[in-house]
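# Structural overview for review
Now for the letters of each chain:
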Amino acid sequence: MATETVGHYEIDYSGVYMDDVDGWAAWVTIYGPSSNPMHRDSIVPAQRVAVQQVFETQGAAEAAAHEAALALVAEKATQAPR
C-alpha cells in the first residue's frame with residue numbers, strides 16, 4: 001500500500017488481488033485533518049475505485065487508484081469551507 005500526503009489529506013492507495021476474477025482491483029482510503037495526532041480521520045473509507053475494471057497488474061491497479069484518489073482529494077478540497 002502506498003501512502004501520499006496531498007495538502008491536508010493523506011491518501012492510501014493499492015492494488016488488491018482478486019482470486020475470483022484473476023486480476024487486480026484499485027483501492028483507496030483518504031484521511032483528513034484531525035485534532036488528535038494519534039487518530040486519522042477517514043473522510044473516504046477504504047473502497048474499491050474503478051469498479052468496472054479489473055487490472056492485469058498490481059502496478060496498473062495502483063496507478064488507477066492513485067489517479068482516483070487525487071480526483072477525490074480535489075473534489076473534497078473544493079467542498080471545504082473557506
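Okay, so let's go over this structure. Note that the coordinates shown come from a computational prediction; the quantities given were computed from them, not determined experimentally.

In terms of regular secondary structure, the protein chain is built from one helix and four strands. Element order for the protein chain, N to C, with α for helix and β for strand: β-β-β-β-α. Counting only C-alpha atoms and orienting by the principal axes, one finds that the protein chain spans roughly 45 × 25 × 15 Å. The buried share of the protein chain, reckoned over its 82 residues, is 29%. Carbon and sulfur atoms make up 53% of the accessible area of the protein chain, which amounts to about 5,300 Å² in all. Of the charged side chains in the protein chain, 4 are positive and 11 negative; the average position of the first set lies 12 Å away from that of the second.

Attention now goes to the nonpolar core. In terms of nonpolar packing, the biggest core is built from 15 residues, with I11, A26, V28, I30, F55 and A65 touching the most fellow members. Those elements giving two or more residues to this core turn out to be strand 2 (9–18), strand 3 (23–32), strand 4 (41–49) and helix 1 (58–79). If you tally residues by element for this core, the top one is helix 1, at five residues. Beyond its immediate stretch of four places on either side in the chain, F55 contacts G23, W24, A26, A50, A60, A61 and A64.

A few words on the sheet that holds strand 1 (residues 2–6). Hydrogen bonds along the backbone pair up the strands of a sheet, which may run parallel or antiparallel. In space, the four strands of this open sheet follow the order 1-2-3-4, with antiparallel pairing throughout. Edge strands, defined here as strands with exactly one partner in the open sheet, are strand 1 and strand 4. Recorded for the sheet is a direction-independent mean angle of 20 degrees between the axes of neighbouring strands. Bridge analysis of strand 3 against strand 4 gives six bridges, and the strand direction is antiparallel. Following the sheet pairing, V28 is matched in strand 4 by Q47. Across the sheet, helix 1 touches strand 1, strand 2, strand 3 and strand 4, and the angle it forms with strand 2 is around 150 degrees.

What counts as what
- Residues numbered from 1 in each chain as written.
- Predicted model: local features only at pLDDT ≥ 70, side-chain atom pairs only at ≥ 80, totals over all residues.
- Heavy atoms only, no water.
- Helix = DSSP H or I, 4+ residues; strand = E, 2+ residues; numbered from the N terminus.
- Buried < 20%, exposed > 50% of the residue type's maximum accessible area, 1.4 Å probe, protein only.
- Areas by Shrake-Rupley, 256 points an atom, 1.4 Å probe, with all protein chains shown as cover.
- Lys, Arg positive; Asp, Glu negative; His and termini not counted.
- Charge placed at Lys NZ, Arg CZ, Asp CG, Glu CD.
- Core = buried A, V, L, I, M, F, W, Y, C linked by side-chain atoms within 4.5 Å.
- Contact = heavy atoms within 4.5 Å.
- Pairing = 2+ DSSP bridges.
- Axes fitted to C-alpha atoms, helices over the stretch in contact; angles between N-to-C directions.

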